[in-house]
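# Results of the structural survey
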Amino acid sequence: MSREATELKDHLARTAVSTNAASARAPASISVSITPSAKLLLRLCAAPESDHAADFAALDEDHWYDLVEQAIPKRVAALLDRALQRADSFALMPEECRDAMVDERRRLTMSAFGHMIALTDAVSFLKSHDIPTIALKGVRLAYQDYPDARLRPLRDLDLLVPADKAEQAQRLMIACGRYELAPWAEYYGLDFGHQLPELLDTKHGISIEIHHRLNARDWAGEPKLVQMVFEQAETLEISGNRVRVPSMHANFLHLVEHATLHHMFENGPITLADLHFAAQSGAIDWPLLIAQAKEMGLERALQLGFVDKGYPEFD
């Protein structure tokens, strides 16, 4: 278990003690059980550049199955595959696990290609209608921060447009015939949340979300981050197309907000790898980032992600 996870467990155990001293039934601690494979997956995502050979060698057959079964749906199979190759440990897996990893490697390659085409096509379509578009979170991570875009699978495409253009963007995309409301999408408008109902790219089967905000939980600092995303947007060239993405600071703060305020730590272990590769990019001005986080009420959320990571600014 990482030191951060251990400290969190200890904190939970301490705060679990009832403040009512008269209650003899108050629990003294909270028992946290985590399997060796889950521990390894967390370590691997938090420190993807480390050598995990010893951890792989310690797994028994059941834990190998558990590791692979967790990694694939949590979108970190590519990171696991990379760690196995770097540690020369791929052959340690049971044959069925190896086959599953090879199949997933092929699927991720095809998925990455499909997402790239869907992304550039959607951005180009909206640009042709003079609708400014910024691809959020995973696009910058995949194409700018991670060492290889295939290591950061995209589940869907989150496209931020100005709030007064969002419903127009949705209507235009549906009217062109390539996009339709996703079968699982519900019907709602701008007042419901931070995005409109999901669209489906019928050519590639990829979900696209038109965002007009960043957070659905009435976070007071959201307008400042939305402004920052638009004002500091940068341009990446992806497959010969220009795609606007948030600046490093804006994307980093969005990742922190998304993991804490928005999803309340239910994002899965991929968030650890996202923060790791973003932090290692060298493009972060830590004192400025901390000042921006304080201004938006994200200081504590930022500390939760980077306590004891070797950054003196967090001491």
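In this report, we go over the structure that sits alongside the text. (Residues numbered from 1 in each chain as written. Predicted model: local features only at pLDDT ≥ 70, side-chain atom pairs only at ≥ 80, totals over all residues. Heavy atoms only, no water.)

To continue, consider the overall build of the protein chain. Check the secondary structure of the protein chain and you find 13 helices and seven strands. The buried share of the protein chain, reckoned over its 315 residues, is 47%. Element-wise, carbon and sulfur atoms account for 51% of the exposed surface of the protein chain, whose accessible area totals about 16000 Å². (Helix = DSSP H or I, 4+ residues; strand = E, 2+ residues; numbered from the N terminus. Buried < 20%, exposed > 50% of the residue type's maximum accessible area, 1.4 Å probe, protein only. Areas by Shrake-Rupley, 256 points an atom, 1.4 Å probe, with all protein chains shown as cover.)

By the definition in use, this model includes one cavity of 30 Å³ or more. Estimated volume of the largest cavity: approximately 100 Å³. Around the largest cavity sit Leu 108, Ser 111, Ala 112, His 115, Ala 142, Tyr 143, Ala 149, Arg 150, Arg 152, Pro 153 and Leu 154, which together line it. Listed by contribution, the elements that provide at least two residues to the lining of the largest cavity are helix 6 (95–128) and helix 7 (138–145). Ranked by the residues each element gives to the lining of the largest cavity, the list is headed by helix 6, at four residues. (1 Å grid on protein atoms, 1.4 Å probe; cavity = no way out; pocket = protein on both sides within 12 Å on 5 of 7 lines; lining within 4 Å. Points joined across faces, edges and corners; volume = space filled by probe spheres on them.)

Before going further, it helps to spend a moment on the side chain of Gln 70. Structurally, Gln 70 can be placed in helix 4 (residues 61–71). Given the relative accessible area of 18%, Gln 70 is considered buried. At 2.9 Å, the side chain of Gln 70 forms a polar contact with the side chain of Asp 66. Ignoring any residue separated from it by four or fewer positions in sequence, one finds Gln 70 in contact with Thr 35, Ser 37, Ala 38 and Leu 41. (Polar contact = N/O pair within 3.5 Å; in protein donor to acceptor, adjacent residues only side chain to side chain. Contact = heavy atoms within 4.5 Å.)

What follows is about the pairing of strand 7 (residues 241–245). Of the strand pairs in this sheet, strand 6 (residues 234–238) and strand 7 are connected by five bridges, and their pairing is antiparallel. Among the inter-strand pairings, Glu 234 is bridged to a residue of strand 7, identified as Val 245. The turn linking strand 6 back onto strand 7 is made up of two residues, and Ser 239 within it adopts a positive phi angle of 50°. (Pairing = 2+ DSSP bridges.)

Attention shifts here to helix 11 (residues 270–279). Most of helix 11 is tucked away, with nine of its 10 residues classed as buried. Regarding helix 11, the residues found buried are Ile 270, Thr 271, Ala 273, Asp 274, Leu 275, His 276, Phe 277, Ala 278 and Ala 279.

Inspection of the secondary structure assignment puts Gly 297 in the loop between helix 12 (286–296) and helix 13 (299–306). Overall, the relative accessible area of 58% leaves Gly 297 in the exposed class. In this structure, the C-alpha to C-alpha distance between Gly 297 and Ala 220, residues 77 residues apart in sequence, is 8.0 Å.

Turning our eyes to something else, we now look at unusual backbone geometry. Of note, Lys 137 is a non-glycine position whose phi angle comes to about 45°, a positive value. Tracing the sequence through the fold places Lys 137 in the loop between strand 1 (134–135) and helix 7. Its identity is not glycine, yet Ser 239 carries a phi of approximately 50°, on the positive side. Note that Ser 239 resides in the loop between strand 6 and strand 7.

For the rest of this paragraph, the subject is the packing of helix 9 (residues 222–231) against helix 10 (residues 248–262). Between helix 9 and helix 10, the shortest axis-to-axis distance is 9 Å and the interhelical angle comes to 145°. Helix-helix and strand crossings are classified by hand; for helix 9 and helix 10 the assignment is left-handed. Between helix 9 and helix 10, the contacting residues are Leu 225, Met 228 and Val 229 on the first element and His 249, Ala 250, Leu 253 and His 254 on the second. (Axes fitted to C-alpha atoms, helices over the stretch in contact; angles between N-to-C directions. Left-handed = near helix turned anticlockwise from the far one by under 90°.)

So, on to the packing of helix 2 (residues 36–46) against helix 4. With their axes 8 Å apart at the nearest point, helix 2 and helix 4 run at an angle of 45° to one another. Taken together, helix 2 and helix 4 sit at an angle that is classed as oblique. Seen along the crossing, helix 2 lies across helix 4 with a hand that is right-handed. Touching Pro 36, Ser 37, Ala 38, Leu 40 and Leu 41 of helix 2 are His 63, Asp 66, Leu 67, Gln 70 and Ala 71, all from helix 4. (Parallel < 35°, antiparallel > 145°, perpendicular 65-115°, else oblique.)

Now for the sheet that holds strand 3 (residues 179–181). In spatial order, the strands read 1-2-5-4-3; together these five strands make up an open sheet with mixed pairing. Of all the strands in the sheet, just strand 1 and strand 3 have a single pairing partner and so form its edges.

With that out of the way, let us pick up a negative patch on the surface. Side chains of Glu 69, Glu 95, Glu 96 and Asp 99 sit close together on the surface and give a patch of like negative charge. In this fold, Glu 96 is placed in helix 6. (Patch = residues over 30% accessible without salt bridge, like charges linked within 9 Å, V, L, I, M, F, W, Y side chains within 5 Å. Salt bridge = Lys/Arg side-chain N within 4 Å of Asp/Glu carboxyl O. Lys, Arg positive; Asp, Glu negative; His and termini not counted. Charge placed at Lys NZ, Arg CZ, Asp CG, Glu CD.)

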